[in-house]
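# Structural features, examined
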Amino acid sequence: MPDPIYLDHAATTPVRAEVLEAMMPFYGPRFGNPSSMHRWGREARTALDEARERVARCLGASADEICFTSGGTEADNLAILGTWRARRAEGRNAIVTTPIEHKAVLEAVHQAAREGADERFVNMTPTGVVDPGSYAGMVGTDTAIVTCMWINNEIGTIQPIDELARKAKSVGALFHTDAVQALGKVEIDAKKTPFDLLSVSGHKVGAPKGIGAMFIRRGVVIESLFHGGEQDRGRRPGTENVASVIGFARAAELAVAEREVEDARLERMRDRLEAGILARIPDATIHGRGAPQRAPHITNVSVPGTDSESLLMALDLRGIGCSAGSACQSGSISPSHVLSAIGVEPNLAGSAIRMSIGCLTTDTCIDRTIDVFAALVNKARGSGSMAARAS
Ligand SMILES: Cc1ncc(COP(=O)(O)O)c(C=O)c1O
């Protein structure tokens, strides 16, 4: 059996050797609590402060604008609920978002709606980008916050964040972007792009799971979700996850430093993958392919007459790990909310497979995936078993 092929980098990535090496002392001799006054505590505090500076530099921010969290989900919740709760007394009650956000954003917005917020979902174009007319009609002087992801985790479309943030700010709304899939893929610079809040997560860029960060622009008022400590300026109480913060700082630095070269490598392999699939299966659809800007690491493909669950299992049996929609939805075979929002009809959406490439991917992986995928599709259509399931 050939080596297994991991094509699920948008779900998570392996911890990088450099990251693990940077973290190890903090599980050993440098174990102190940064809030302690003694030498062990001071040593941990210094390391934490340095890591905060380094993460800030990766985002074009200042250290006091970085708040560490347990990951992207917590950062998204803190950004949305923390600012909306702080602003509702000003008479700004609306939250504007898109229907293609990650559940971390959608569920936080729904929670705010249960507490009284007016939730608004903009329309998307069929290629997976915010419809500018719909957006302009929804953002106004009653808007507390706009939240729009930078790169979609299922179809890889890139939103025009600069333009959307400028429009939000022109009417006094805050602008948050979920940049969990964007770190290391596009340039993120708080000095150039006027977002107020931005979420990132470590495990998408070679840091461990369970660590993330939020950029909160200086002056933005946010209510903490947790209570019980002064850590992170009271915005995120709780003893800091020092080792993971150190690892995240290293991973973020590497991702930013390698971005241009790695993006070009991934884009070339993604194009090879898509061209190979389309050459062998001409009626395959690649969702989001027509968008003006796409991430280099995500391909989402549907083939009529197949279904995602059977294809995923068959790929796995042949050593290829992909996902249907996003990993957070696996186990559930309901059609992806992202594909529904861009108007993909349910049968086609029910056959979608996401292949996400990254640090473990080589040209050999791509070529074998094309061969195996085409063979599985032919077999499924020949036997008719998948077609029957999909209807
Ligand atoms: C776009 C997006 N937002 C948020 C998250 C959640 O991040 P985490 O797993 O760090 O909680 C993910 C993870 O899949 C994601 O892709």
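Refer to the preceding data block for the structure.
Anyway, here's the lowdown on the structure attached to this text.

Quick notes on the rules
Residues numbered from 1 in each chain as written. Predicted model: local features only at pLDDT ≥ 70, side-chain atom pairs only at ≥ 80, totals over all residues. Heavy atoms only, no water. Salt bridge = Lys/Arg side-chain N within 4 Å of Asp/Glu carboxyl O. Helix = DSSP H or I, 4+ residues; strand = E, 2+ residues; numbered from the N terminus. Buried < 20%, exposed > 50% of the residue type's maximum accessible area, 1.4 Å probe, protein only. Patch = residues over 30% accessible without salt bridge, like charges linked within 9 Å, V, L, I, M, F, W, Y side chains within 5 Å. Areas by Shrake-Rupley, 256 points an atom, 1.4 Å probe, with all protein chains shown as cover. Lys, Arg positive; Asp, Glu negative; His and termini not counted. Polar contact = N/O pair within 3.5 Å; in protein donor to acceptor, adjacent residues only side chain to side chain. Contact = heavy atoms within 4.5 Å. Pairing = 2+ DSSP bridges. Phe/Tyr/Trp six-rings, centres within 6.5 Å; stacked < 30°, edge-to-face > 60°. Lys NZ or Arg CZ within 6 Å of the ring centre and 35° of its normal. Core = buried A, V, L, I, M, F, W, Y, C linked by side-chain atoms within 4.5 Å. Near = heavy atom within 4 Å. Nonpolar A, V, L, I, M, F, W, Y, C, P; charged D, E, K, R; others polar. Axes fitted to C-alpha atoms, helices over the stretch in contact; angles between N-to-C directions. Parallel < 35°, antiparallel > 145°, perpendicular 65-115°, else oblique. Left-handed = near helix turned anticlockwise from the far one by under 90°.

### Comments concerning the pattern of salt bridges
Taken as a whole and judged by the stated rule, the model has 29 salt bridges. Across the pair arginine 166 and aspartate 162 runs a salt bridge whose closest N-O atoms are separated by 2.8 Å. Placement of both arginine 166 and aspartate 162 in helix H6 (residues 161-170) is noted, with a separation of four residues, approximately one turn of the helix. Residue class for arginine 166 comes out partly exposed when judged on its relative accessible area of 44%. For aspartate 367, the salt bridge goes to arginine 272, with nearest N and O atoms at 2.7 Å. Within this pair, whereas aspartate 367 is found in helix H11 (residues 363-383), its partner arginine 272 is found in helix H7 (residues 242-280), the two being separated by 95 residues in sequence. Owing to a relative accessible area of 30%, aspartate 367 belongs among the partly exposed residues under this scheme. Within the structure, one salt-bridge network assembled from shared partners comprises Arg16, Glu18 and Glu258.

### Topic: a nonpolar patch on the surface
There is a patch of nonpolar side chains on the surface, built from Val15, Leu20, Met24 and Tyr27 and spanning about 400 Å² of accessible area. Mapped onto the secondary structure, tyrosine 27 falls in the loop between helix H1 (17-23) and helix H2 (39-58).

### A look at the side chain of aspartate 178
Position of aspartate 178 relative to the elements: it lies in strand S6 (residues 174-178). Although buried, aspartate 178 forms no salt bridge, and the nearest oppositely charged side chain, lysine 204, lies 8.8 Å from it. At a separation of 3.0 Å, a polar atom in the side chain of aspartate 178 contacts the main-chain amide nitrogen of valine 180. Aspartate 178 has contacts with Asp76, His102, Val105, Cys148, Met149, Trp150, Ile151 and Ser199, leaving out every residue within four places of it along the chain.

### Comments concerning the pairing of S6
Extensive coverage of S6 is indicated by the burial of five of its five residues. Burial along S6 is two-sided: Leu174, His176 and Asp178 and Phe175 and Thr177, pointing in opposite directions, are all buried. The sheet contact formed by strand S5 (residues 143-147) and S6 spans three bridges and is parallel. Residue isoleucine 145 lies in a different strand from S6, and its bridge partner there is leucine 174.

### Concerning the packing of aromatic side chains
One pass over the full model with this rule turns up two aromatic pairs. Relative to phenylalanine 195, the ring of tryptophan 150 lies with its centre 6.1 Å away and its plane at 65°, an arrangement referred to as edge-to-face. Of this pair, tryptophan 150 sits in the loop between S5 and H6 while phenylalanine 195 sits in the loop between S6 and strand S7 (197-201), and the two are 45 residues apart along the sequence. Each member of the pair, tryptophan 150 together with phenylalanine 195, is buried. Of note, arginine 217 hangs over the ring of phenylalanine 195, and the distance from its end group to the ring centre comes to 5.9 Å.

### A closer look at the nonpolar core
If you look at the biggest cluster of nonpolar residues, it comprises 65 residues, and the most contacted ones within it are Tyr135, Trp150, Phe175, Ile188 and Phe248. The next biggest cluster of nonpolar side chains, apart from the first, holds 27 residues, and it includes Ile277, Cys322, Val372 and Val377.

### So, the site of the ligand
Taken together, 14 residues lie around the ligand, and Gly72, Thr73, Asp178, Ser201 and Lys204 are the ones closest in. Between the ligand and the protein, one listed contact pairs a nitrogen atom with a side-chain N or O atom of aspartate 178 at 2.6 Å. The separation between an oxygen atom of the ligand and a polar side-chain atom of glutamine 181 is 2.9 Å. Expressed as a share of its isolated accessible area of 390 Å², the protein-covered part of the ligand is 89%. Of the residues contributing to the shell around the ligand, the split by class is three nonpolar, eight polar and three charged.

### Digging into the packing of helix H3 (residues 72-87) against helix H4 (residues 103-114)
Where H3 contacts H4, the two axes come as close as 9 Å, and the packing angle between them is 25°. Judged on the interaxial angle alone, H4 and H3 are roughly parallel. Taken as a pair, H3 and H4 cross one another with a handedness that is right-handed. Each of Thr73, Asp76, Asn77, Ile80, Leu81, Trp84 and Arg85 in H3 lies in contact with H4, whose residues at this interface are Ala104, Val105, Ala108, Val109, Gln111 and Ala112. Broken down by class, the residue content of the contact of H3 with H4 amounts to eight nonpolar, three polar and two charged.

### Some details on the packing of H2 against H7
Interaxial distance between H2 and H7 falls to 9 Å at its minimum, and their mutual angle equals 25°. Relative to H7, the element H2 lies roughly parallel. Relative to H7, H2 is oriented so that their crossing is left-handed. Every residue of H7 that contacts H2 at Ala47, Leu48, Ala51, Arg54, Val55 and Cys58 is listed here: Val245, Ile246, Phe248, Ala249, Arg250, Ala252, Glu253 and Val256. Looking at the contact of H2 with H7, its residues break down into 11 nonpolar, no polar and three charged.

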